[in-house]
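Listed below are the residues making up each chain.
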Amino acid sequence: MKTFILTLLLISLNTSAIAGPPKGELFGYRLGDKYPVGPQTEFEAGDFIAAKLIVAEKPEKPDNFGTVKLMVTPKSFTIFYVYADSEFPNEKTAKVFADSYAQLLNKKYGSKCVQRKTDPEWGPLALVCSSQYELSVRYFVAPGKSPERIGVRIGLEAVGGTASQSLSGKLVSEGMQLETQAKKESLEKAQRDQRMKGL
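This report concerns the structure included in the present document. (Residues numbered from 1 in each chain as written. Predicted model: local features only at pLDDT ≥ 70, side-chain atom pairs only at ≥ 80, totals over all residues. Heavy atoms only, no water.)

Summing up its helical and strand segments, the protein chain has three helices and 10 strands in all. Taken over 199 residues, the protein chain has a buried fraction of 41%. Counting only contacts in the protein chain whose residues sit at least 6 apart along the sequence, the fraction spanning at least 24 positions is 55%. Of the roughly 11,800 Å² that the protein chain leaves accessible, carbon and sulfur atoms contribute 54%. (Helix = DSSP H or I, 4+ residues; strand = E, 2+ residues; numbered from the N terminus. Buried < 20%, exposed > 50% of the residue type's maximum accessible area, 1.4 Å probe, protein only. Contact = heavy atoms within 4.5 Å. Areas by Shrake-Rupley, 256 points an atom, 1.4 Å probe, with all protein chains shown as cover.)

Our next topic: the packing of aromatic side chains. What describes a pair of aromatic rings is the distance from one ring centre to the other and the angle between the planes of the rings. Applying the stated rule across the entire model yields eight aromatic pairs. Arranged with centres 6.0 Å apart and planes meeting at 35 degrees, the rings of Tyr29 and Tyr35 form a pair that is tilted. Both residues of the pair, Tyr29 and Tyr35, belong to the buried class. On the basis of an interplanar angle of 35 degrees and a centroid distance of 5.1 Å, the ring pair of Tyr81 and Tyr83 is categorised as tilted. Overall, the relative accessible area of 6% leaves Tyr83 in the buried class. (Phe/Tyr/Trp six-rings, centres within 6.5 Å; stacked < 30°, edge-to-face > 60°.)

Three- or four-residue spacings in an α-helix give side chains the same orientation, since the helix completes a turn every 3.6 residues. Under the 1.5 Å per step criterion, the end-to-end length of helix 2 (residues 91-109) is 26 Å for 19 residues, consistent within 8% with the ideal 27 Å. Among all positions in helix 2, only Ala94, Phe97, Ala98, Ser100, Tyr101, Ala102, Leu104, Leu105 and Tyr109 are buried. The backbone nitrogen of Lys92 lies 3.2 Å from a side-chain oxygen of the residue at the head of helix 2, namely Asn90. (Expected span 1.5 Å × (residues − 1). Polar contact = N/O pair within 3.5 Å; in protein donor to acceptor, adjacent residues only side chain to side chain.)

Turning to the pattern of salt bridges, a few remarks are in order. Summed over all chains, the structure comprises seven salt bridges. For Glu25, the salt bridge goes to Arg30, with nearest N and O atoms at 2.2 Å. Overall, Glu25 belongs to the partly exposed group, its relative accessible area being 21%. Under the relative-accessibility criterion, Arg30 is labelled partly exposed at 34%. Here Arg116 ties to Glu134 by a salt bridge, and the two come within 2.8 Å at their closest N and O atoms. (Salt bridge = Lys/Arg side-chain N within 4 Å of Asp/Glu carboxyl O.)

Another aspect to go through is the sheet that holds strand 5 (residues 68-72). One open sheet holds the eight strands; their spatial order is 3-4-5-6-10-9-8-7, and the pairing between them is antiparallel. Every interior strand has two partners, whereas the edge strands, strand 3 (42-44) and strand 7 (113-115), have only one. With strand direction ignored, the average angle separating the axes of adjacent strands in the sheet is 30 degrees. As judged from the five bridges shared by strand 8 (residues 125-129) and strand 9 (residues 133-141), these two strands associate in the antiparallel manner. Bridged to Ala126 within strand 9 is Ser136. Its contacts with the sheet place helix 2 against strand 6 (79-88), strand 7, strand 8, strand 9 and strand 10 (150-158), and it is angled at close to 175 degrees to strand 9. (Pairing = 2+ DSSP bridges. Axes fitted to C-alpha atoms, helices over the stretch in contact; angles between N-to-C directions.)

A few words on the layout of surface pockets. To find the voids left in a structure, one rolls a probe of water-molecule size over its atoms. Roughly 200 Å³ of volume is contained in the largest pocket. Around the largest pocket, the lining residues are Glu91, Ala94, Lys95, Pro120, Glu121, Tyr139, Phe140, Val141 and Ile150. Going through the elements one at a time, helix 2 and strand 9 are the ones with two or more residues in the lining of the largest pocket. For the lining of the largest pocket, the per-class residue count stands at six nonpolar, no polar and three charged. Here the second largest pocket defines a volume of roughly 160 Å³. Lining the second largest pocket are Glu44, Leu53, Lys69, Tyr83, Asp85, Glu87, Phe140, Pro143, Lys145 and Arg153. When its residues are assigned to classes, the lining of the second largest pocket shows four nonpolar, no polar and six charged. (1 Å grid on protein atoms, 1.4 Å probe; cavity = no way out; pocket = protein on both sides within 12 Å on 5 of 7 lines; lining within 4 Å. Points joined across faces, edges and corners; volume = space filled by probe spheres on them. Nonpolar A, V, L, I, M, F, W, Y, C, P; charged D, E, K, R; others polar.)

Tracing the backbone through its elements, the reader meets Phe97 in helix 2. Between the C-alpha atoms of Phe97 and Ser86, which are 11 residues apart in sequence, the distance is 9.1 Å. Dropping the residues within four chain positions of it, Phe97 is found in contact with Asn64, Phe65, Ser86, Phe88, Val152 and Ile154.

Rendered as structure tokens:
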């Protein structure tokens, strides 16, 4: 029965849902591409240093996956991390879900990627593809939920090679540009306020 379910999942994912981690692609998005921000784009609040979090508008994913989100650079909206979180009421159901997709992804991409050893409590899978991208299935505790819910995150990020260097450099560069711009605007405002003092 378990093999049958995994076969169905593999057929489902082969159609469109998870395509191309060895090429930096997941859920229909590619690391390094610029996200087409528009009026309907939803940004999610959070404490991120020099980055923004976008809720993907047209992801390709199985129905039982949670919302797909993209970490992007702050000016050009270049994608550097793609992931989907799914939450479960207890550790047992989270583990069944995580193990099923870990087996599936390992079966599909294991021959093209290198498996990195991980702590079982961290998650069941970490595949390094093309020496640049890491495809992972990991656990987390969903914040602010009572009773506590266990989450499973399936994600892809650049971890080495030219992809990582390029995206890291872009993130730092754009962050510095925004910081410089903010300081300039703050100084100009202070100067305007000073000229108008007492008037």
